[in-house]
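If you want the building blocks of each chain, they are given just below.
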Protein chains: 2
Amino acid sequence: MLRNKQAIAEQAKIFKALGHPSRLLMVDALRENERCVCELQALVGDDMSSVSKHLSVLREAGIVSSQKRGTNIYYQLALPCLETFLSCTSEIVKKRILSQVEMLNNR
Amino acid sequence: MLRNKQAIAEQAKIFKALGHPSRLLMVDALRENERCVCELQALVGDDMSSVSKHLSVLREAGIVSSQKRGTNIYYQLALPCLETFLSCTSEIVKKRILSQVEMLNNR
DNA sequence: TTACTATTTGGTAAAATAGTAAAATATAGT
DNA sequence: ACTATATTTTACTATTTTACCAAATAGTAA
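Residues numbered from 1 in each chain as written. Chains lettered and ligands numbered in written order. Predicted model: local features only at pLDDT ≥ 70, side-chain atom pairs only at ≥ 80, totals over all residues. Heavy atoms only, no water.

Chemist: Break down the overall build of chain A for me, citing the residues and quoting the values.
Modeler: Looking only at helices and strands, chain A features five helices and three strands. Ordered by position from N to C terminus, the α and β elements of chain A give α-α-β-α-α-β-β-α. In terms of C-alpha radius of gyration, chain A reaches 16 Å, well past the compact-globule figure of 13 Å for 107 residues. Each of the three principal axes of chain A carries a C-alpha extent, and together these read 55 × 40 × 20 Å. Across the 107 residues that make up chain A, the buried fraction comes to 43%. Computing the positive centroid from 15 side-chain charges and the negative centroid from 11, chain A places the two 7 Å apart. (Helix = DSSP H or I, 4+ residues; strand = E, 2+ residues; numbered from the N terminus. Rg over C-alpha atoms; globule rule 2.2 N^0.38 Å. Buried < 20%, exposed > 50% of the residue type's maximum accessible area, 1.4 Å probe, protein only. Lys, Arg positive; Asp, Glu negative; His and termini not counted. Charge placed at Lys NZ, Arg CZ, Asp CG, Glu CD.)

Here it is, written out as structure tokens:
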């Protein structure tokens, strides 16, 4: 149960951070494995500075953590409960999109 | 697994919609019970038109649905998997805040 | 040291979002 | 039909976010 302002704001911050296609895409990739910034950059295709900024949003929301190894900085997921929710919302979204397609076909 | 742009955008939209304190507060209240707009308005304390706009964001993201009964419009949750994720992130946020407080005390 | 690679930071213009007041809609009761 | 209540929409302004470029930083290799 949400009670105080600070807790709500923190929780909203998590959602807000996830609420951008590039960030969500990166987070989704991190479910499988940690990745360095350059891999994430290649994945989303934004320019480096954008990726870096997106990552800092995710870091500040406590969704990912990072550590330097050699030349690279590796990011990994830091929010254990994300997995279930991501796969669940992903399923729902797929179904929604499918039913939209069906509605188009049946016209 | 997230694959195509549209699905990612849809899913991000869900997160984005949840990423605002007032909206999150309303959604949280809806976990317990459906509520009419006026109840939600009293809960968050924003003015009516803001509440209404926030609700339309939630509606368009498919997080809530609404139905008119009598004079009022009642909103209810439409995203089954939200429950687990909300309680989980809420716990995490609580722990984070607590540990911040502890760090302050130990200085 | 110098040069190189990976990443972050700062500045800025354009786009999106939030908040508020006023107007519009819809419905119920009289 | 008229009035009151509940909700949404519109119009406007202020604020935040985004995307991109250039510059700064940090670590590594030569």
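Chemist: A description of the pairing of strand 2 (residues 64–69) of chain B should follow, citing residues and the corresponding values.
Modeler: Residues and elements named next belong to chain B. The pairing of strand 2 with strand 3 (residues 72–77) spans six bridges and is antiparallel. Along strand 3, the bridge assignment pairs Arg69 with Asn72. Remark: two residues form the turn of the hairpin made by strand 2 and strand 3, two consecutive strands paired antiparallel; Gly70 in that turn has positive phi of roughly 65 degrees. (Pairing = 2+ DSSP bridges.)

Chemist: Help me get a handle on the sheet that holds strand 3 (residues 72–77) of chain A, residues and values and all.
Modeler: All names here are of chain A. Across the sheet, which stays open at both edges, the three strands sit in the order 1-3-2 with antiparallel pairing between neighbours. Two strands close off the open sheet at either side, each with one partner strand: strand 1 (35–36) and strand 2 (64–69). Sheet analysis places strand 1 next to strand 3, joined by two bridges and oriented antiparallel. Counted as the bridge partner of Arg35 is Tyr75 from strand 3. The strands touched by helix 4 (residues 48–60) within the sheet are strand 2 and strand 3, with strand 2 carrying the most contacts at an inclination of about 120 degrees. (Contact = heavy atoms within 4.5 Å. Axes fitted to C-alpha atoms, helices over the stretch in contact; angles between N-to-C directions.)

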